[in-house]
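Residue strings, one per chain:
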Amino acid sequence: KGNQDEQTVMDNMRFLAAICGCKFIFFDHISWLAASTEDGEDERKKLDRIVVKIKELAEELGITIIAISHVNDQGQTRGSRYISKMADTVINLTRDLKSTDEDERKTLHIYIEKARTAGATEGPAGSALFDVVSNTLKVRVPVAAPIN
């Protein structure tokens, strides 16, 4: 919730990891926490501080925290570029909402923009089609090139 302070969010993440045994925590949407400031603090500075706290908490607890953030028109994380700079992995998810092809509008394209972990690679990582009947994403397997 946007009205929670950052310490409450950190405490909740610590509880989820330490007591509930969560290894992966999705934090959606990181900029809402910074936007909830009532003390007049600069949103970018607050986001920068929150990102550092999240990174330290993840390393301390040995968990993965997946922070959801939108990008601006230049493709940079909205609110603070520090979010993507501090992240070990940055994954872009996009859809072509203007396509005239219905399947293309429902296709989620996955692109690894940054990968700091050993053996990880950057670049296209596939796509998934949203199935309106089952309300799930179905991995799209690309058609293999013919073997000569």
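Residues numbered from 1 in each chain as written. Predicted model: local features only at pLDDT ≥ 70, side-chain atom pairs only at ≥ 80, totals over all residues. Heavy atoms only, no water.

### Concerning the pairing of strand β6 (residues 136-140)
(1) Moving on: Pairing of strand β5 (residues 123-131) with β6 involves five bridges; the strand directions are antiparallel. Pairing of Leu129 across the sheet is with Lys138, part of β6. (Pairing = 2+ DSSP bridges. Helix = DSSP H or I, 4+ residues; strand = E, 2+ residues; numbered from the N terminus.)

### What about the pattern of salt bridges?
(1) Moving on: Scanning all chains against the criterion turns up seven salt bridges.
(2) Moving on: For Glu60, the salt bridge identified is with Arg14, shortest N-O distance 2.7 Å. Highlighted residues: Glu60 in helix α3 (residues 43-61) and Arg14 in helix α1 (residues 6-18), separated in sequence by 46 residues.
(3) Moving on: Overall, the relative accessible area of 33% leaves Arg14 in the partly exposed class.
(4) Moving on: When salt bridges that share partners are traced, they join Glu6, Arg49 and Lys53 into one network. (Salt bridge = Lys/Arg side-chain N within 4 Å of Asp/Glu carboxyl O. Buried < 20%, exposed > 50% of the residue type's maximum accessible area, 1.4 Å probe, protein only.)

### What about the packing of α1 against α3?
(1) Moving on: Contact pair α1 / α3: the axes reach a minimum separation of 11 Å and the direction vectors enclose 15 degrees. Taken together, α1 and α3 sit at an angle that is classed as roughly parallel. In this structure, the crossing between α1 and α3 has a hand that is right-handed. Along its contact with α1, which presents Glu6, Gln7, Met10, Met13, Arg14 and Ala17, the element α3 presents Lys46, Arg49, Ile50, Lys53, Ile54, Leu57, Glu60 and Leu61.
(2) Moving on: Looking at side-chain class alone, the contact of α1 with α3 contains seven nonpolar, one polar and six charged residues. (Axes fitted to C-alpha atoms, helices over the stretch in contact; angles between N-to-C directions. Parallel < 35°, antiparallel > 145°, perpendicular 65-115°, else oblique. Left-handed = near helix turned anticlockwise from the far one by under 90°. Contact = heavy atoms within 4.5 Å. Nonpolar A, V, L, I, M, F, W, Y, C, P; charged D, E, K, R; others polar.)

### With respect to a nonpolar patch on the surface
(1) Moving on: On the surface, a nonpolar cluster with roughly 290 Å² of combined accessible area is contributed by Phe15, Leu16 and Ile19.
(2) Moving on: Examined against the element boundaries, Leu16 turns out to sit in helix α1.
(3) Moving on: The class of Leu16 is partly exposed, set by a relative accessible area of 31%. (Patch = residues over 30% accessible without salt bridge, like charges linked within 9 Å, V, L, I, M, F, W, Y side chains within 5 Å. Areas by Shrake-Rupley, 256 points an atom, 1.4 Å probe, with all protein chains shown as cover.)

### Considerations on α1
(1) Moving on: Taking 1.5 Å of rise per residue, 13 residues should cover 18 Å, and α1 covers 18 Å from first to last C-alpha, within 8% of that figure.
(2) Moving on: Those residues of α1 not exposed but buried are Glu6, Val9, Met10, Met13 and Ala17. Mapping the buried residues of α1 onto a view down its axis gives an arc of 100 degrees, with all of them on the same face.
(3) Moving on: Residues of α1 that are buried in the fold lie against β1 (24-27), α2 (30-35), α3 and β2 (64-67). (Expected span 1.5 Å × (residues − 1). Arc of directions from axis to C-beta.)

### Examining the sheet that holds strand β3 (residues 89-94)
(1) Moving on: Taken in spatial order, the four strands of this open sheet run β3-β4-β5-β6, and their pairing is antiparallel. The sheet terminates laterally at β3 and β6, the two strands that pair on one side only. For this sheet, the mean inter-axis angle between neighbouring strands, taken without regard to orientation, is 30 degrees.

### Some words on the nonpolar core
(1) Moving on: Judged by nonpolar contacts, the single largest core of 19 residues is most densely connected at Met13, Phe27, Ile30, Ile50, Ile54, Ile63 and Ile65.
(2) Moving on: Elements with a minimum of two residues in this core: α1, β1, α2, α3 and α4 (82-86).
(3) Moving on: Per element, the largest residue contribution to this core is six residues, and it comes from α3.
(4) Moving on: Setting aside anything within four residues of it in sequence, one finds Ile50 in contact with Glu6, Met10, Ile30, Leu33 and Ala34. (Core = buried A, V, L, I, M, F, W, Y, C linked by side-chain atoms within 4.5 Å.)

### Digging into the environment of Lys114
(1) Moving on: With respect to the helices, strands and loops of the structure, Lys114 is situated in strand β4 (residues 107-115).
(2) Moving on: By relative accessible area, Lys114 is classed as buried at 16%.
(3) Moving on: A sequence separation of 30 residues divides Lys114 from Ser84, and the C-alpha atoms of the two residues are 8.5 Å apart.
(4) Moving on: Discounting chain neighbours no more than four positions away, the residues touching Lys114 are Ser84, Lys85, Met86, Ala87, Asp88, Thr89, Val90 and Glu122.
(5) Moving on: Within the local environment of Lys114, its side chain forms a polar contact with the backbone oxygen of Ser84, the two atoms lying 2.7 Å apart. (Polar contact = N/O pair within 3.5 Å; in protein donor to acceptor, adjacent residues only side chain to side chain.)

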